[in-house]
Amino acid sequence: MSEHNMFSNHPSWLELIRKGMGIERPVPEDIGEMDWDGLFAFLKQQTLVGIGWKGVERFANAMPRNTRVQWYMLTEYVRKRNEWLNWKVTQLTNVFREGGFDVVLLKGQGNAMLYPEPLLRMPGDIDLLVRGKKEDVVRFIKEHWQVTGVHFQHVEFRVEKVTVEVHLMPCSMNNPLYLRRMLRWLETEAKWDNLVEMQGNAGMVAVPTDRYNIVFLLAHIMHHFFDEGISLRQLMDYYYLLLHYQKKEGGMKRQEWEATLKYLNLYHFAGAVMYVLKVVFQMSDSLLLAPVDERRGKILLNEILKGGNFGRYSGLTNHSMAVKYLLKTCRNMNFVRQYPAEALCEPLFRTWHFLWRHGASLK
């Protein structure tokens, strides 16, 4: 689905998503002829089922019964899953603290706390950033859990059917120069005692500051844009982050942020993200982090709508490793003019990472 078809054929879908976010919007005129099954399928692709239900709940009787029941049940599952994950996050962080490590909750459940109704955000994995020597952290993990994956930046294990990623570095970039710059910047901003209460009185956990997340989440979104794909959920996370930051700081300090983003090679991608936030979520100009980049923004939005969460609906991932490697490389070469440093380095980083993981698995 292209951006053009999305807006021209289903403008009311966006209105209902905005209503689910708490943005005051008029009732769509075509509510009686709404393609409810199409909207439900789209929101599943974009991992926005819970937020979507909030927007359509008052119109539920207009839906086909089967769609209404499925949607309601999936939303209730999202609520219960979030409650369980909040408790599990607290337990896991306590295990690491008792082992003598500083630990911070990244992304997911931490992002959800910025939402008006945190339990409606569709959850994913648990991501933790742990400070310590790599060999000590990996040894501690192996003493408590069975490792299921080793990556350049994190180690994976599973607990009760949820994947836990323990990050030894917060994020990655394809270009090594900008990766070093980003990691240095994040290290100076890191605070390991920024404690918040998890939803449902699940306990206290440390989360990144808003300043840290502005860079970290933007870099994370960009990395996934080149690697697999992203959904509107990640952009909605960023919307609520900027909203929260502006309320705390009393302004965006755009001049400072633009200089930082240029230094970290995130400036052009930030402009694309600002386009999506403005067009899809109607973010006010006063909340934007950087100037809107319409050209790059349309490319980003089309990729989001085409691929959905982690690019699972683009057809790119449904191939053998070799074919997927070639298709992904060809796709990313289309972005050389927009993001030369990241696009040109992406196949090189991916090849190096494959060889690195193969070597790590032999140890």
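What this report covers is the structure whose coordinates are included nearby. Owing to the predicted nature of the structure, the values given are computational and were not obtained by experimental measurement.

In this fold, Phe 152 is placed in the loop between strand S3 (147–150) and strand S4 (154–159). Judged by its relative accessible area of 22%, Phe 152 is partly exposed. Phe 152 sits 17 residues away from Met 169 along the chain, and the two C-alpha atoms are 8.6 Å apart.

As a further point, take unusual backbone geometry. A positive phi angle, near 70°, is found at Lys 161, a position not held by glycine. Structurally, Lys 161 is set in the loop between S4 and strand S5 (162–167). A relative accessible area of 73% means that Lys 161 is categorised as exposed. The backbone phi angle of Asn 265 is positive, close to 60°, even though this residue is not glycine.

A few words now on the nonpolar core. One recurring pattern in soluble globular proteins is that nonpolar side chains are buried together. Ranked by internal contacts, the top residues of the largest apolar core, which has 86 residues, are Trp 36, Trp 71, Tyr 238, Leu 277 and Phe 281. Apart from the residues lying within four places of it in its own chain, the contact partners of Leu 277 are Leu 235, Tyr 238, Tyr 239, Leu 242, Gln 282 and Met 283. In this structure, Phe 96, Val 103, Leu 128 and Ala 202 belong to the second largest nonpolar core, which totals 25 residues.

The next point concerns helix H9 (residues 210–227). Taking 1.5 Å of rise per residue, the 18 residues of H9 would be expected to cover 26 Å, and the 25 Å separating its terminal C-alpha atoms lies within 8% of that figure. With respect to burial, H9 is a largely interior element, 16 of its 18 residues being buried. In the segment just after H9, Gly 229 is the residue with positive phi, at about 140°.

Take the sheet that holds strand S1 (residues 102–106) next. Judged by pairing direction, the sheet is mixed, and its five strands sit side by side in the order S1-S2-S5-S4-S3 without closing on themselves. For this open sheet the edge positions go to S1 and S3, each flanked by a neighbour on one side alone. Pairwise comparison of adjacent strand axes, ignoring direction, gives a mean angle of 25° for this sheet. In terms of strand pairing, S3 meets S4 through three bridges, oriented antiparallel. The residue of S4 that forms the bridge with Val 150 is Val 155. Against the sheet, helix H5 (residues 65–98) contacts S1, strand S2 (126–131), S4 and S5, and its axis sits at roughly 15° relative to S2.

With that settled, consider empty space enclosed by the protein. One pass over the structure, following the stated rule, counts three cavities of 30 Å³ or more. Together, Val 104, Leu 106, Leu 129, Ala 190, Lys 191, Trp 192, Pro 208, Thr 209 and Tyr 212 line the largest cavity. Classifying every residue of the lining of the largest cavity gives seven nonpolar, one polar and one charged.

Rules and cut-offs
Residues numbered from 1 in each chain as written. Predicted model: local features only at pLDDT ≥ 70, side-chain atom pairs only at ≥ 80, totals over all residues. Heavy atoms only, no water. Helix = DSSP H or I, 4+ residues; strand = E, 2+ residues; numbered from the N terminus. Buried < 20%, exposed > 50% of the residue type's maximum accessible area, 1.4 Å probe, protein only. Core = buried A, V, L, I, M, F, W, Y, C linked by side-chain atoms within 4.5 Å. Contact = heavy atoms within 4.5 Å. Expected span 1.5 Å × (residues − 1). Pairing = 2+ DSSP bridges. Axes fitted to C-alpha atoms, helices over the stretch in contact; angles between N-to-C directions. 1 Å grid on protein atoms, 1.4 Å probe; cavity = no way out; pocket = protein on both sides within 12 Å on 5 of 7 lines; lining within 4 Å. Points joined across faces, edges and corners; volume = space filled by probe spheres on them. Nonpolar A, V, L, I, M, F, W, Y, C, P; charged D, E, K, R; others polar.

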